[in-house]
Amino acid sequence: MIEVQALTKRYGTTTAVDDLSFTARAGEVTGFLGPNGAGKSTTMRVAVGLERPTAGAVLVGGCRYAELPAPLRTLGTMLDARSVHPGLTARRHLRALARTHGIPRARVDEVLGLTGLESVAGRRVRTFSLGMGQRLGIAAALLGDPAALVLDEPVNGLDADGVLWVRGLVRRMAAEGRTVLLSSHLMHELALVADRVVVIGRGRLLADATLEELVERSGGAGVVRVRTSGPDVLAAALRGRGAVVDDAGGGVLHVRGVPGDEVGAVAARSGVVVLELAGEVGSLEQAYLALTDDAVPHRSGADGVRGGQQRVPGGAR
Ligand SMILES: Nc1ncnc2c1ncn2[C@@H]1O[C@H](COP(=O)(O)OP(=O)(O)OP(=O)(O)O)[C@@H](O)[C@H]1O
C-alpha cells in the first residue's frame, strides 16, 4: 500500500503538490493522472525519497522511504529511465544495483528475462533505444521483487509491442497482490490497465474513483447516439417522452433519459429511418477533460470537451 498523506511540496513560490491525499492499494493498479505540470512526478519523487515534502508524507507499507530497511525490496521505481550511466552495459548496471542492495546475482538474469533484455544485456546503455531504456528501467524496478511499484509514464516512447508488454506486466503485478502506482497524462492509456484513477491538477486532488464512477460523475453515462434520416421528427418525439436531446448536426442526436432500444422503437413509430444507434460510453476522456479543465492554462479548441464512441469503461483489459 502506498499512502499519500496531506502532501504539500513547494519550490519557492511554486506549489507543485498541494495538500494531496490518496491511497494506492495492494492488488490494484492505481492510475495517477493529470495534465503536464500537475505534480505527478513530484509526488512520485517524494514517495521514493528524492524530495523532502514541505508538509505531509508518503508512506510505503506504513514507512517513509528513508525508513525502509530494504527499499528496493519494498518499492520498485522507474521515474527516469535515462538516469543510467551510458557507459555501463545493462547487465553491469543491474548487477551494481543488486550488489548494493544485497540482492542475489541470479535475480539480475531473471529480470533481464522478464523484461526481454537478455539478448542486449551485454550492450552499453548508450546504444539503447528509448524503448530498451524503458525496459531496463522497469528491470531495475523489479530487481528487488518489490511489493509495490511506482512507474512514471512507463509507456512513453514505447512501440506498440512495448506498450502491450507494459500493460500485461502491470496487470500481472497487481494480480500477484502488489501495489502498482502508474502515472500518465493519457486517460485512454490508463483506462486499459487501471482499477482506479487518481486525477490531480495544479497539485490538488480532483478525483479518486473507479473508471465507472468517473464516467457517471461526468453525466456521460446513459447517453445514446442516434443517426437518423429525420432528426427533427425524432427529437420532438423523444422530447415528448421526457428525453433530453441534443442535436449534434449531420442527423446525429445525443439522447439522455431514454434507453437505446426505446430510442429505436420511438424512431420506428415516428416513421424515421435509423442509420446508426449506439450507447455512447466514450465519456471517460470527456470526464477527464472536464475535471482538468481549470487545471490547464491553455487548452486548444481541438482538445476541448467532446464526445465520441469508445470502449466500455472497466471492460476488456
Ligand atoms: N525542482 C523543481 N524546481 C522548481 N519547480 C519545480 C521543480 N520540479 C517541479 N517543479 C514544478 O512543479 C510543478 C509540478 O511538476 P511535476 O513535474 O511534478 O508535474 P507532472 O504532473 O509530473 O508533469 P509532467 O506530466 O509534465 O511530467 C510544475 O509547475 C513544475 O514546473
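Check the entry above for the structure.
Residues numbered from 1 in each chain as written. Predicted model: local features only at pLDDT ≥ 70, side-chain atom pairs only at ≥ 80, totals over all residues.

Details of the site of the ligand
In the neighbourhood of the ligand, the contacting residues comprise Tyr11, Thr14, Ala16, Gly34, Asn36, Gly37, Ala38, Gly39, Lys40, Ser41, Thr42 and His185. Going through the elements one at a time, β2 (14-24) and α1 (40-47) are the ones with two or more residues in the shell around the ligand. Ranked by residue count, the leading element in the shell around the ligand is α1, at three residues. Across the shell around the ligand, the residue classes break down as three nonpolar, eight polar and one charged. (Near = placed C-beta within 6 Å. Helix = DSSP H or I, 4+ residues; strand = E, 2+ residues; numbered from the N terminus. Nonpolar A, V, L, I, M, F, W, Y, C, P; charged D, E, K, R; others polar.)

Describing the pairing of strand β11 (residues 244-249)
Bridging between β11 and strand β12 (residues 252-256) involves five bridges; their strand directions are antiparallel. Along β12, the bridge assignment pairs Gly249 with Val252. What sits between the antiparallel neighbours β11 and β12 is a turn of two residues, in which Gly250 has the positive phi angle 65°. (Pairing = 2+ DSSP bridges.)

Considerations on unusual backbone geometry
Non-glycine residue Asp145 carries a positive phi angle of around 50°. Relative to the helices and strands, Asp145 resides in the loop between α5 (130-142) and β6 (148-152). Note on Asp145: 14 C-beta atoms within 10 Å, which makes it partly exposed. Residues other than glycine seldom take positive phi values, yet Glu153 does so here, at roughly 50°. Tracing the backbone shows Glu153 in the loop between β6 and α6 (160-175). (Buried ≥ 20, exposed ≤ 12 C-beta atoms within 10 Å, placed from the backbone.)

Regarding the sheet that holds strand β8 (residues 196-201)
By definition, the strands of a sheet pair up through backbone hydrogen bonds, in either a parallel or an antiparallel sense. Pairing is mixed in the open sheet, where six strands are placed in the order β5-β6-β7-β3-β8-β9. Each of the sheet's edge strands pairs with one partner strand only, and the pair in question is β5 (75-78) and β9 (204-210). Strand-to-strand twist across the sheet, computed as the mean angle between neighbouring axes with direction ignored, equals 15°. In the packing of α1 onto the sheet, the strands contacted are β3 (29-33), β6, β7 (179-184) and β8, and the crossing angle to β6 comes to about 145°. Lying over the sheet, α5 contacts β5 and β6, oriented at roughly 165° with respect to β5. (Axes fitted to C-alpha atoms, helices over the stretch in contact; angles between N-to-C directions. Contact = placed C-beta atoms within 7 Å.)

Describing the sheet that holds strand β4 (residues 55-60)
Taken in spatial order, the three strands of this open sheet run β2-β1-β4, and their pairing is antiparallel. This sheet does not close on itself; its edge strands, each paired only once, are β2 and β4. Ignoring which end each strand starts from, the neighbouring axes of this sheet average 20° apart. The pairing of strand β1 (residues 2-11) with β4 spans five bridges and is antiparallel. Note on β4: the bridge partner recorded for Glu3 is Leu59. Docked against the sheet, α1 engages β1, β2 and β4, running at close to 115° with respect to β1.

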